[in-house]
2 protein chains.
Amino acid sequence: MAQAATRTARDRAVHRYGPRLAHSAQAGDRAGGIPGWLDERRRSGTFEVRRIPFGEMVKWRIDPDTGNLVHDSGRFFSIEGLTVRADSGTTWSQPIINQPETGVLGILVKEIDGVLRFLMQAKMEPGNIGLFQLGPTVQATRSNYTGVHRGRPTPYIEYFVGERRGEVLTDVLQSEQGDSFLRKRNRNMVVEITEDIEVRDDYRWLTLGEIHQLLAVDNLVNMDARTVLSSLPFPPGDEDAAPHSDTEILSWLTGIKTRHEREVVTSPLARIEDWRRTPAEIARSDGRHLRVLAVSVQAGNREVTNWTQPLLAAQRQGIAAFIVRRTAGEPQVLVQGLTQPGTFDVAEMAPTVQCVTDGWHDLPEKPPYLDYVLAVPDDRVHYSALLSEEGGRFYRRDNRYLVVEADETLGGDPPDAYRWLGFSQLKRFTGYSNHVDVEARTLIACLQSLWGKEPLWARG
Amino acid sequence: MAQAATRTARDRAVHRYGPRLAHSAQAGDRAGGIPGWLDERRRSGTFEVRRIPFGEMVKWRIDPDTGNLVHDSGRFFSIEGLTVRADSGTTWSQPIINQPETGVLGILVKEIDGVLRFLMQAKMEPGNIGLFQLGPTVQATRSNYTGVHRGRPTPYIEYFVGERRGEVLTDVLQSEQGDSFLRKRNRNMVVEITEDIEVRDDYRWLTLGEIHQLLAVDNLVNMDARTVLSSLPFPPGDEDAAPHSDTEILSWLTGIKTRHEREVVTSPLARIEDWRRTPAEIARSDGRHLRVLAVSVQAGNREVTNWTQPLLAAQRQGIAAFIVRRTAGEPQVLVQGLTQPGTFDVAEMAPTVQCVTDGWHDLPEKPPYLDYVLAVPDDRVHYSALLSEEGGRFYRRDNRYLVVEADETLGGDPPDAYRWLGFSQLKRFTGYSNHVDVEARTLIACLQSLWGKEPLWARG
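Quick caveat, the model's predicted, so the values are computed rather than measured.

Caption draft 1: Structural context of the overall build of chain A. When its secondary structure is counted, chain A shows 9 helices and 24 strands. Relative to a compact globule of 460 residues, whose C-alpha radius of gyration would be 23 Å, chain A shows 22 Å and is just as compact. By residue count, 64% of the 460 residues in chain A fall in the buried class. For chain A, the share of sequence-separated contacts (at least 6 apart) that also reach a separation of at least 24 residues comes to 73%. With the model as given, the accessible surface of chain A reaches about 17,100 Å², and the carbon-plus-sulfur share is 47%. For chain A, the separation between the mean place of its 55 positive charges and that of its 62 negative charges on side chains is 4 Å.

Caption draft 2: Molecular detail of the domain arrangement of chain A. Residue and element names in this part refer to chain A. Parsing chain A into structural domains produces domain 1 (14-46 + 100-230), domain 2 (47-85 + 266-314) and domain 3 (246-262 + 315-448). Each of domain 2 and domain 3 has a C-alpha centre, and the two are 29 Å apart. Both sides together, the interface formed by domain 2 and domain 3 hides about 1,600 Å², and carbon and sulfur atoms give 56% of it. Among the residues domain 2 hides against domain 3, the three largest losses belong to Arg-288, His-289 and Ala-314. Together they make up 33% of the total. Linking domain 2 with domain 3 are 5 residue pairs in polar contact (both at pLDDT 80 or more), by the criterion used here. Split by residue class, the side of domain 2 that touches domain 3 holds 13 nonpolar, 3 polar and 4 charged.

Caption draft 3: Geometry of the packing of helix α6 (residues 246-259) of chain A against helix α8 (residues 423-430) of chain A. Residues and elements named next belong to chain A. Where α6 meets α8, the axes come as close as 11 Å, and the angle between the chain directions of the two elements is 60°. Taken together, the axis directions place α6 and α8 in an arrangement best described as oblique. Read as a crossing pair, α6 and α8 show a hand that is right-handed. In this structure, α6 uses Asp-246, Ile-249 and Leu-250 to contact α8, whose residues at the interface are Gln-425, Arg-428 and Phe-429. A per-class count over the contact of α6 with α8 returns 3 nonpolar, 1 polar and 2 charged.

Caption draft 4: The arrangement of the pairing of strand β22 (residues 381-388) of chain A in detail. Residues and elements named next belong to chain A. β22 sits mainly inside the fold: 6 of its 8 residues count as buried. By the bridge criterion, 7 bridges tie β22 to strand β23 (residues 398-405) in an arrangement that is antiparallel. Paired with Tyr-383 across the two strands is Val-403, which belongs to β23.

Caption draft 5: Spatial organisation of the pairing of strand β11 (residues 185-192) of chain A. All names here are of chain A. The buried fraction of β11 is high, at 8 of 8 residues. Burial along β11 is two-sided: the residues Arg-185, Arg-187, Met-189 and Val-191 and Asn-186, Asn-188, Val-190 and Glu-192 are all buried. Pairing geometry for strand β10 (residues 167-175) and β11, over 8 bridges, is antiparallel. Among the inter-strand pairings, Leu-173 is bridged to a residue of β11, identified as Arg-187.

Caption draft 6: Examining the side chain of Gln-139 of chain B more closely. Residues and elements named next belong to chain B. Along the chain, Gln-139 turns up in strand β9 (residues 138-140). A distance of 2.9 Å separates a polar atom in the side chain of Gln-139 from a polar atom in the side chain of Glu-390. If we skip the residues at most four places from it in the chain, Gln-139 touches Val-104, Leu-105, Lys-123, Glu-125, Asn-222, Asp-224 and Glu-390.

Caption draft 7: Quick peek at unusual backbone geometry. The omega angle of the peptide bond from Phe-234 of chain A to Pro-235 of chain A is 0°, so this bond is cis rather than trans. Tracing the chain through its elements places Pro-235 of chain A in the loop between α5 (223-230) and α6. Even without being a glycine, Asn-219 of chain B presents a positive backbone phi close to 50°. Within the element layout of this structure, Asn-219 of chain B appears in the loop between α4 (208-214) and α5 (223-230).

Caption draft 8: Representation of the packing of α5 of chain A against helix α9 (residues 438-448) of chain A within the structure. All names here are of chain A. One can describe the packing of α5 onto α9 by two numbers: an axis separation of 8 Å at closest approach and a directional angle of 70°. Judged by the inter-axis angle, α5 sits roughly perpendicular to α9. Taken together, the residues of α9 that come into contact with α5 (itself represented by Met-223, Arg-226, Thr-227, Leu-229 and Ser-230) are Val-438, Arg-441, Thr-442, Ile-444, Ala-445 and Gln-448. Looking at side-chain class alone, the contact of α5 with α9 contains 5 nonpolar, 4 polar and 2 charged residues.

Caption draft 9: Molecular detail of the environment of Arg-85 of chain A. All names here are of chain A. By secondary structure assignment, the location of Arg-85 is in strand β4 (residues 78-86). The class for Arg-85 is partly exposed, based on a relative accessible area of 38%. Distance in space between the C-alpha atoms of Arg-85 and Glu-261 is 8.9 Å, their sequence separation being 176 residues. Every residue in contact with Arg-85, bar those within four places of it in the chain, is listed here: Thr-90, Thr-91, Arg-262, Glu-263 and Val-265.

Parameters at a glance
Residues numbered from 1 in each chain as written. Chains lettered and ligands numbered in written order. Predicted model: local features only at pLDDT ≥ 70, side-chain atom pairs only at ≥ 80, totals over all residues. Heavy atoms only, no water. Helix = DSSP H or I, 4+ residues; strand = E, 2+ residues; numbered from the N terminus. Rg over C-alpha atoms; globule rule 2.2 N^0.38 Å. Buried < 20%, exposed > 50% of the residue type's maximum accessible area, 1.4 Å probe, protein only. Contact = heavy atoms within 4.5 Å. Areas by Shrake-Rupley, 256 points an atom, 1.4 Å probe, with all protein chains shown as cover. Lys, Arg positive; Asp, Glu negative; His and termini not counted. Charge placed at Lys NZ, Arg CZ, Asp CG, Glu CD. Domains from an automatic or database assignment. Buried area = accessible area lost by both parts, 1.4 Å probe. Polar contact = N/O pair within 3.5 Å; in protein donor to acceptor, adjacent residues only side chain to side chain. Nonpolar A, V, L, I, M, F, W, Y, C, P; charged D, E, K, R; others polar. Axes fitted to C-alpha atoms, helices over the stretch in contact; angles between N-to-C directions. Parallel < 35°, antiparallel > 145°, perpendicular 65-115°, else oblique. Left-handed = near helix turned anticlockwise from the far one by under 90°. Pairing = 2+ DSSP bridges.

As structure tokens, this is what we get:
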């Protein structure tokens, strides 16, 4: 009885939804039609994205005092300078997206024919590779869904905020890229409804199994969908293959945070060092990190919309990889405690290897485990795909996401910035804000898509 | 087996230490000697705290450009202006302590004669009521323990950072007063050692039971000790009387955070509105909130140390109260989701009533539950004491801390900013940073001190 009560409070979502989500993960055979559907949405209208000089942006301007890129409304987001002064004395400056608003990334689920299904959206974003990717039901900034942009109302938003009608499976603020955003979080939600709703043209009900199949396709499931999926109370089961207790992991992360004390201040974009500005681009002289550019967008089918906006582009393709190892039940995951300039709470748990923007060729030392991950033989690569980062802020930025299995050469304790976590344990930390970074959450979604598949994951 | 493994990862500290801490909570009869010991420490040397004009501070100065109070080292802390612009359009400005450093608040525990004992310190702070209060083993800013102030080394710090020798019971960054500090956190740690150590003059081993008795005494156990005690994996047991699941509580807190979007920026202290400056004080014209002042301190027994520093003083005594209700096991606690200007992550769980500095006489509406709490008959007041806030930053600031039991008139669902939590559930959230505020954590320590006492708490 006491045990049952404990479960009620702590894990009700897992115990109530775990088995139903597992059922959905094993159902559905219509994933094959989704790439064609996205193509059809693409062909159904006029969609054009064109790079333009900053000076041709409309409703956006370069602030004459600071050089920052700002929206005329004073809302939405801005691109400013950021300076990080580490305790060690080193200083780093870069452009950063300042978007204090918290948006909603939400997926509606509903049981149809005995199976939980997810209402997914064919979502166009100007920076997307392929323009249309599969997104969550709702993907909206606060300015969007409260109507600051005077755009059309956000479909289905009423099931997430305000008069919410569904049961909440998860609802937590989650961070986005710490190399590009200043302390940005979005509200990640999954809500179950029981009533019948109209399914609009750009939306489809998919089972979790179908979404999992689509996660194996390059540049198809967008970042917003992936981060929401990572928060699902899934997979079911209590097994916990964690070599360290939660207290030990929290202590380890606390130690990393206190060793990385630093001062993070926004500064005028015009005055950051080592970055040069041309009429159409702001970039580092040495070609590292990101660059800022502007695009003009034409989009629509019946009604055509035009807008311009700045975007961030990566200079090189990045990589994000989890090294995992098998146990009798769930896999264990080698996690890195990583500090990035825009991280909300100093450090978060990150993939074993994450060199998303800087590449590594000109770094004094290669990131640990990078060589290992790149040299893993095919039979130990359990997941590999190119996945795009958010196309509303990034211009064709994709990363190679990998899940690779450790072999016997990877023995011994990892370096101090790394720890082995049980997968359920990592999921528990994902349930709280500011603990797991967005690249790791993408990999969690990818790992979940392998659930039930031998040899990595003994069925729970 | 699966269940045992889960416990290993999630709750090992509770399962391993819960029974031992319970044993310690029932042991010890030397609490009575502690007030006399603090008196004796006080009499053993010269201790004088005197208010001075800002202009007489040494190593501190008023920055001529900003009016901020800053230390010559550029470290330690500063007092600056803070402006909060809420989404609703309202603006609030006030002085704020900016202390980006993360200090250590740590208690060493050791089993002596079969009972876990806590190494507590007779700690002098200039703002303390009574100058000496009972503090944790270590209470040190990073500047202190890394030697920036060129002071003496911090005793026992080596058991907490660097070559840590103990087993960690808890280690997490915890927030401090959101009305006075800008996003400040300290590292709260409890570490068990097994080796023999020298007990210095200002330190004593106390059982948890003795500390619990001392928590009933006005202004004796300091804030730093209370917040560390609140993180203990105690009381033991799994019972969980929570009416809402953790997912529901997180969703509720996430909702409060997104409804309180705001912009928080530091600004020159000289230019904040509605605050007037005299040579010895910065205060609001209407007498509300806090005031800034400066003190000169002489302290020491063998060696005498002199220093000056600014402190914050409250204009009125505050109150922090939990309304609780009985269940078959642990109590339930009525928690408020509260936003304060300096809160690290927008909102935290706070006491049912917390009007620490503003009083309430001139507010348009009384805070909810304030009348209720003040009118509760004595037989429903389970805890009541005046407790001091941190004497290194606050000048004689104490608050009335109350735990009162609800009666049948308090039926129905609470307003949206309030939720009933099970005590174990509230403790779980305390295990993660940025979820529970420091006033609520003091009340958690007070509630823990009632553990095992009928009628509120059926023995677990």
